Amino acid sequence: ERVGLILDCRISSGINAEYGPDGDELVSLLEQMPLLENFSGHSLSEFKISWSMWQDKCKQVLETTHFVMDESSDILEIMCGKLECFVKHKDLCQTWYHLLTSHLLYTNPTVSVMSLHHAATEMVPVYRDHMTPLDEILLSAMEFDAHQVLTLCISQFQNSWWLAAHLADVLHHAKQLDCTELQYGCSLREYVLLHYASDLIFSDEFWSLGVDYFIECKQMGKGYLELAIPRIPLDSEKKATRVYNACQKHGLMDLAASVGKVMAAKARQSGNLGLSLIWSLQAKDLLSVTSISEEILDSYIETGGFSNLEFLDQLGSNKLLSNRLLFLGKYREFHNLIKMGEYRSAADLLVSLVESNMGPPRFQITLLLDSLPLINGGLCGDKVVMTSGQTHALMKALEDMQIKKLLKESDTQKVETIRLALVTNLASSFLDEPW
C-alpha cells in the first residue's frame with residue numbers, strides 16, 4: 001500500500017503513512033521533496049536545481065543506509081528513479097501511462113511535451129501484452145502525428161466515428177491538421193465528419209445533429225444531406241416539422257416541399273383533411289391544395305358542416321394559391337358572418353361567390369340553398385337584406401345550372417323551393433327599394 005502511494009504521486013498521504021523502524025528517514029526525504037506547485041515566483045531553473053539536489057540526497061541515503069524492511073528500500077529506489085524498481089511494481093499501476101507518469105515524476109518532473117514519446121518507449125514494452133487500440137492512439141498522439149492518430153481512430157473504432165470526428169475537429173481548429181484533399185474529393189477532417197454525420201442522421205434522437213455536421217462539411221456535406229433527408233423516417237408531426245424547418249433553413253426547398261407532400265398524403269389517408277391542407281400549402285402543391293379543398297367541400301355537402309378548419313382564418317395571402325382554396329376560405333367567412341348576425345354582408349359575399357364560379361360547379365346548388373335563410377322571412381324576419389339585383393343573379397345561376405344539366409333528379413324539390421323563395425324575395429325587394 002505504501003509503495004502504491006508513492007507510485008500514485010500522493011506525497012502528502014505518503015508522508016503520513018506508517019513505515020515502521022525506517023519511517024524517520026523516508027518521511028524526512030518525502031517532506032523535503034521539491035514540488036513545482038510550491039515554487040510559484042521562482043524560475044524553472046531554480047526548481048530543477050533544488051530537485052536535483054534532493055534526488056542526490058536520496059541516492060546517498062540509499063547507498064549508505066540499511067533498511068530493515070524491503071518495502072522501504074523499494075520506496076527509496078523509486079524516489080531515486082530506478083526503472084527496475086518501477087517495473088517490479090508495475091502491477092500497482094493500471095496502465096503504462098500511469099507508470100510513465102510516476103517514473104517521470106521521479107526522473108524528469110519538468111519533462112517537455114516533445115520528449116514524452118521517447119519516455120513512453122521505455123514503458124510500453126513492459127505492458128506489451130496488455131496494449132489496447134487506444135494505447136496505440138495515445139502513442140501516436142505523443143509523436144504529434146495527427147494523421148496517424150486519425151487513421152488509427154478510423155481503423156480501430158469502425159463502429160463509432162465519434163472519437164475520430166471530434167479529434168479531427170479539435171486538430172483542425174488548432175491548425176494541426178493538413179487541409180489537403182484526399183482522393184475522395186475532400187479533406188481528412190471532412191471525410192471523418194461526413195461518416196459521423198451519416199451515423200447521426202438516422203438516429204431517432206440525434207438526427208438533427210447529423211444535419212448540422214453535414215452543413216459543416218463545406219465541400220460535400222450538402223450533397224450528402226440531400227441524399228439522406230428523404231431516408232429520415234417521418235414518424236411524428238413534431239419530427240416532420242423539424243425536418244421541414246431544417247430543409248428551409250439550409251435552402252433545400254425541393255426537399256422541404258417533398259416533406260410537405262409526404263405528410264400531406266399521410267394526413268389525407270388518415271382522414272385529417274385540415275392537416276393535409278396545411279402540409280400541402282407548406283409544400284406549395286397547387287394540385288393537392290385544389291383537390292383537398294374540393295374534398296372538404298364535398299364533405300360539407302354530405303355532412304352539412306366543417307370541422308377543424310379554424311386555420312383558414314389565419315392563411316392570409318396563402319388563400320390566393322388556389323381558386324378552390326380561396327373559395328373555401330370565403331365560404332367559411334360567409335358562415336362566420338351568419339353566426340355574427342351580419343346578414344347584409346353575408347348576402348353580399350354569397351352572391352359574389354355564386355357569380356365568381358370559383359367553386360366546383362356541383363356546389364352551386366349548395367350556395368343557392370344557403371341563400372334561403374336570408375330571404376323569405378328566414379333569419380332576417382320581414383327585413384329584406386338581398387336586393388332585386390342580387391336576387392336576379394341567383395335566379396340566373398339557377399337557370400344556368402338547369403341549362404348545363406348540372407342538377408340531379410334528386411334536386412328537383414330543392415330547385416322548386418329555391419325558385420319560389422327567390423321569386424317571393426324579388427317581389428319583396430321591389431316593394432322595399434325606392435323608385
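Note that the structure is predicted; figures quoted are calculated from it, not measured. (Residues numbered from 1 in each chain as written. Predicted model: local features only at pLDDT ≥ 70, side-chain atom pairs only at ≥ 80, totals over all residues. Heavy atoms only, no water.)

S.K.: What is the right way to read the overall build of the protein from this model?
M.R.: On a plain count of helices and strands, the protein comes out with 23 helices and zero strands. The C-alpha atoms of the protein give a radius of gyration of 43 Å, which is well past the 22 Å a tight globule of 435 residues would have. Dimensions of the protein along its principal axes, counting C-alpha atoms only, are 135 × 50 × 40 Å. Counting across all 435 residues of the protein, residues that qualify as buried make up 42%. Taken as a whole, the protein presents about 23,900 Å² of accessible surface, with 52% of it coming from carbon and sulfur. The average position of the 36 basic charges and that of the 56 acidic charges among the side chains of the protein differ by 12 Å. (Helix = DSSP H or I, 4+ residues; strand = E, 2+ residues; numbered from the N terminus. Rg over C-alpha atoms; globule rule 2.2 N^0.38 Å. Buried < 20%, exposed > 50% of the residue type's maximum accessible area, 1.4 Å probe, protein only. Areas by Shrake-Rupley, 256 points an atom, 1.4 Å probe, with all protein chains shown as cover. Lys, Arg positive; Asp, Glu negative; His and termini not counted. Charge placed at Lys NZ, Arg CZ, Asp CG, Glu CD.)

S.K.: Is there a simple way to think about helix H22 (residues 388–403) in this case?
M.R.: Since one α-helical turn is 3.6 residues long, residues separated by three or four positions face the same way. Taking 1.5 Å per residue as the helical rise, H22 with its 16 residues ought to reach 22 Å, and the 22 Å between its terminal C-alpha atoms agrees with that figure. Ser388, Gln390, Thr391, Ala393, Leu394, Ala397, Leu398 and Met401 are the residues of H22 that are buried. Where H22 ends, the next residue or the one after it, Lys405, has phi of about 55°, a positive value. (Expected span 1.5 Å × (residues − 1).)

S.K.: Would you explain the layout of surface pockets in this entry?
M.R.: Gaps left between atoms are located by rolling a probe of water-molecule size over the structure's atoms. Quantified by volume, the largest pocket comes out at close to 270 Å³. Taken together, Ile301, Arg362, Ile365, Thr366, Leu369, Met401, Leu406, Lys408, Ser410, Asp411 and Lys414 make up the full set of residues lining the largest pocket. In terms of residue count, helix H21 (residues 364–370) provides more of the lining of the largest pocket than any other element does, three residues in total. Of the residues contributing to the lining of the largest pocket, the split by class is five nonpolar, two polar and four charged. (1 Å grid on protein atoms, 1.4 Å probe; cavity = no way out; pocket = protein on both sides within 12 Å on 5 of 7 lines; lining within 4 Å. Points joined across faces, edges and corners; volume = space filled by probe spheres on them. Nonpolar A, V, L, I, M, F, W, Y, C, P; charged D, E, K, R; others polar.)

S.K.: Would you mind going over helix H14 (residues 221–228) with me for this structure?
M.R.: Among all positions of H14, only Gly221, Leu225 and Ala228 are buried. For H14, the arc enclosing every buried residue in end-on projection is 65°, short of the 170-degree limit, so these residues lie on one face. Of the surrounding secondary structure, the elements contacted by the buried residues of H14 are helix H12 (188–201), helix H13 (207–216) and helix H16 (253–269). (Arc of directions from axis to C-beta. Contact = heavy atoms within 4.5 Å.)

S.K.: Explanation requested: a nonpolar patch on the surface in the structure shown.
M.R.: Together, Val113, Met114 and Phe144 make up an exposed nonpolar region whose accessible area comes to about 340 Å². Residue position: Val113 is located in the loop between helix H7 (96–107) and helix H8 (116–123). (Patch = residues over 30% accessible without salt bridge, like charges linked within 9 Å, V, L, I, M, F, W, Y side chains within 5 Å. Salt bridge = Lys/Arg side-chain N within 4 Å of Asp/Glu carboxyl O.)

S.K.: It is not clear to me how the packing of helix H19 (residues 323–339) against helix H20 (residues 343–356) should be interpreted in this structure. Could you clarify?
M.R.: A pair of packed helices is characterised by two quantities: the angle between their axes and the separation of those axes. Axis separation between H19 and H20 bottoms out at 8 Å; the angle between their running directions is 155°. Considered as vectors, H19 and H20 are oriented roughly antiparallel to each other. The element H19 and its partner H20 pack so that their crossing is left-handed. For the pair H19 and H20, contact is made by Phe327, Lys330, Tyr331, Glu333, Phe334, Leu337 and Ile338 and by Tyr343, Ser345, Ala346, Leu349, Leu350 and Leu353, respectively. Along the lines of polarity and charge, the residues of the contact of H19 with H20 split into ten nonpolar, one polar and two charged. (Axes fitted to C-alpha atoms, helices over the stretch in contact; angles between N-to-C directions. Parallel < 35°, antiparallel > 145°, perpendicular 65-115°, else oblique. Left-handed = near helix turned anticlockwise from the far one by under 90°.)

S.K.: Even after reading the chapter, I still don't get the side chain of Ser293, so can you show me in this structure?
M.R.: On the secondary structure map, Ser293 appears in helix H18 (residues 286–303). When sequence neighbours within four positions are dropped, the list of residues in contact with Ser293 reads Leu277, Arg324, Leu325 and Leu328.

S.K.: Any chance you could explain the nonpolar core here in plain terms?
M.R.: For soluble globular proteins, the rule of thumb is that nonpolar side chains tend to be buried together. Of all hydrophobic cores here, the largest spans 44 residues; its most connected members are Val192 and Val243. Only helix H10 (146–156), helix H11 (162–173), H12, H13, H14, helix H15 (237–249) and H16 provide two or more residues apiece to this core. Looking at which element gives the most residues to this core, the answer is H12, with nine residues. Residues in contact with Val243, not counting those within four places in the same chain, are Trp207, Ile229, Ile232, Leu234 and Val259. Core analysis: the next-biggest nonpolar cluster, separate from the first, contains 42 residues, Phe327, Val351, Ile365 and Val385 among them. (Core = buried A, V, L, I, M, F, W, Y, C linked by side-chain atoms within 4.5 Å.)

S.K.: Looking at this structure, I do not really get unusual backbone geometry. What am I missing?
M.R.: Outside of glycine, negative phi angles account for most residues, and trans bonds account for most peptide bonds. Phi is positive for Lys175, close to 55°, though the residue is something other than glycine. Note on placement: Lys175 falls in the loop between H11 and H12.

S.K.: I would appreciate a short explanation of the pattern of salt bridges in the present structure.
M.R.: If charged atoms from side chains of opposite charge come close, those side chains can pair. Inspection of every chain in the model, using the stated rule, returns twelve salt bridges. We note a salt bridge from Arg189 to Glu216, for which the minimum N-O separation is 3.0 Å. Residue Arg189 is found in helix H12, and its partner Glu216 is found in helix H13; the two are separated by 27 residues along the sequence. Among the charged side chains, a network of salt bridges with common partners joins Glu294, Asp298, Arg324 and Arg362.

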